[in-house]
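Commentary on secondary and tertiary structure
Single-letter residue listing:
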Amino acid sequence: MRVLWFTNTPSLASEYLQSNSKGGGWIASLERHISKVKEIELGVAFHYNIEEKKSFTIGLTNYFALPDAKEKGKLKNLYKRWMHEIEPEYFINWYLEIIEDFKPDIIHIFGTEQSFGLISSRVSIPVIIQIQGNLTVISKKWFSGLSYIDILKYSDFGLQMRAYSLWHDYFAFSKKAKREQQIFGSGKIFIGRTDWDRRITQALSYNRLYFHCDELLREVFYQFRWEMPANQKIILYSTLSPSIYKGMETILETATILKKNTKINFEWQVAGINGNEEVIRIIEKKYKSKFSDQNICFKGSLNPEDLIKGLLLSNFFIHTSHIENSPNSVCESMLLGMPIIATSTGGTPSILKDKKEGLLVQDGDPFALAGAIIELIDDKETANTLGENARDSALIRHNPERVVAALTNIYKTLLIKSKLQIL
């Protein structure tokens, strides 16, 4: 069975390409295990920062690297950014060329964020689209913490003129969301993992074939187990990207409440953000408060080993996003066995059971979040129990043998249906 993946990461080809990317770790973990399945011959296609298309083989896996869409010349790129252009139509022809070259029995597309999913209506073999997030819903929650006016009022004028601001990001994102709806409309087979993405699939792609399959996580996270540290200072830990909908303003508001209204000695460490991003500057201007003044420090982008070190030295993991499907940062913290407080948004309630595996609070509510943090500080026994339960659940959900078996069975099922022409 020949299976062709289209991914947003070089996956296990990262080292070959000398990539510094810290993302895509879970796909690399999945590839490492799937490539060992004897019935499967794997191909992996992806975009990368190269000048020309490139194909190569590592072990038994075939890789197809494609250039990103970049124009030569500053003025052309400025125009492209101002017009909020997304991936060009000719990318589809590249994908079809790879399909013709590799001749897969099944195509597996990871995510609806890129243009890969548009090939569904152009080929006759089964095309699986695995849902990661959902741009359509995220675009509606984009301004949950910061308003459209906030972005215009507090953005850097130079970034606005060069079309690098969050305001421009929104319009490009909205275009991708519209394209995503095309992908759902033409797609026939989907894989998801939460009630949230299953319901969205039903709404955007009525009566399509939907399979449940959980994800693997970065392999190093399976090797460690958290224990409550003997800190004199309470360490709160979050892992977030500098996207507007990730709830960074909630972190600032919550820390302000804790500092003003309690005597708790705490520090809030945030990985994935270095503190110089536009969203951080906008929040500080709006609230007239510095993150550093509220005991918040930014750790920047970390490799998995350094991230784990920070997590193991922390008391609680806090997730503040306004919308998510199943955030890997929460899943990885569950796997470590940490007490977690997360916002009850999107698919998060499907992976973290409230009051059993962690605490869920309303997104954008800094008072409830501050109260939940105090609750766990005052009751370490409950905090430890939540962490233990979270780990037990995560070990089952992200078990490599279980996930690989489920995905392999999906492939086999679709191959049989395809041969019987009942898809």
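Conventions we followed
Residues numbered from 1 in each chain as written. Predicted model: local features only at pLDDT ≥ 70, side-chain atom pairs only at ≥ 80, totals over all residues. Heavy atoms only, no water. Helix = DSSP H or I, 4+ residues; strand = E, 2+ residues; numbered from the N terminus. Buried < 20%, exposed > 50% of the residue type's maximum accessible area, 1.4 Å probe, protein only. Contact = heavy atoms within 4.5 Å. Polar contact = N/O pair within 3.5 Å; in protein donor to acceptor, adjacent residues only side chain to side chain. Core = buried A, V, L, I, M, F, W, Y, C linked by side-chain atoms within 4.5 Å. Pairing = 2+ DSSP bridges. Axes fitted to C-alpha atoms, helices over the stretch in contact; angles between N-to-C directions. Salt bridge = Lys/Arg side-chain N within 4 Å of Asp/Glu carboxyl O.

Its place among the elements puts Ser 326 in the loop between β12 (316-319) and α12 (328-336). Taking the relative accessible area as the measure of exposure, Ser 326 reaches 7% and is therefore buried. Sequence spacing of Ser 326 and Ala 406 is 80 residues, and the spatial spacing of their C-alpha atoms is 18 Å. Sequence-distant contacts of Ser 326, defined by excluding residues within four places in its chain, comprise Arg 193, Thr 194, Glu 215, Cys 331 and Ile 351. Among the polar contacts listed, one links the side chain of Ser 326 to the side chain of Arg 193, at a separation of 2.4 Å.

This next bit is on the nonpolar core. Counting 48 residues, the largest nonpolar core has Leu 236, Met 248, Trp 268, Ile 341 and Ile 373 as its most contacted members. Apart from residues lying up to four places away in sequence, Ile 373 is in contact with Leu 236, Thr 254, Leu 258, Trp 268, Phe 316, Ile 318 and Ile 341. Val 3, Ala 13, Leu 407 and Ile 410 belong to the second largest nonpolar core, which has 33 residues in total.

A few words now on the sheet that holds strand β9 (residues 234-239). One open sheet accounts for six strands, arranged β11-β10-β9-β12-β13-β14; its pairing is parallel. In the strand order of this sheet, the two ends are held by β11 (296-300) and β14 (359-361), each with one partner. Strand-to-strand, the axes of this sheet are offset by a mean angle of 25°, without reference to chain direction. As defined by bridge partners, β12 adjoins strand β13 (residues 340-343) across three bridges and the pair is classed as parallel. Along β13, the bridge assignment pairs Ile 318 with Ile 341.

What follows covers the pattern of salt bridges. For side chains bearing opposite charge, pairing can occur when the charged atoms are close. Applying the stated criterion across every chain, the model contains 16 salt bridges. For the salt bridge of Arg 2 with Glu 41, the shortest nitrogen-to-oxygen distance reads 2.8 Å. Residue Arg 2 is found in strand β1 (residues 2-7), and its partner Glu 41 is found in strand β2 (residues 41-48); the two are separated by 39 residues along the sequence. Judged by relative accessible area, Arg 2 falls into the partly exposed class, the value being 25%. A relative accessible area of 34% means that Glu 41 is categorised as partly exposed. Between Lys 233 and Glu 267 there is a salt bridge, and its shortest N-O distance comes to 3.9 Å. Residue Lys 233 is located in the loop between β8 (209-212) and β9, and its partner Glu 267 is located in strand β10 (residues 266-271); the two are separated by 34 residues in the primary sequence. Residue Lys 233 is classed as partly exposed on the basis of its relative accessible area of 32%. Judged by its relative accessible area of 21%, Glu 267 is partly exposed.

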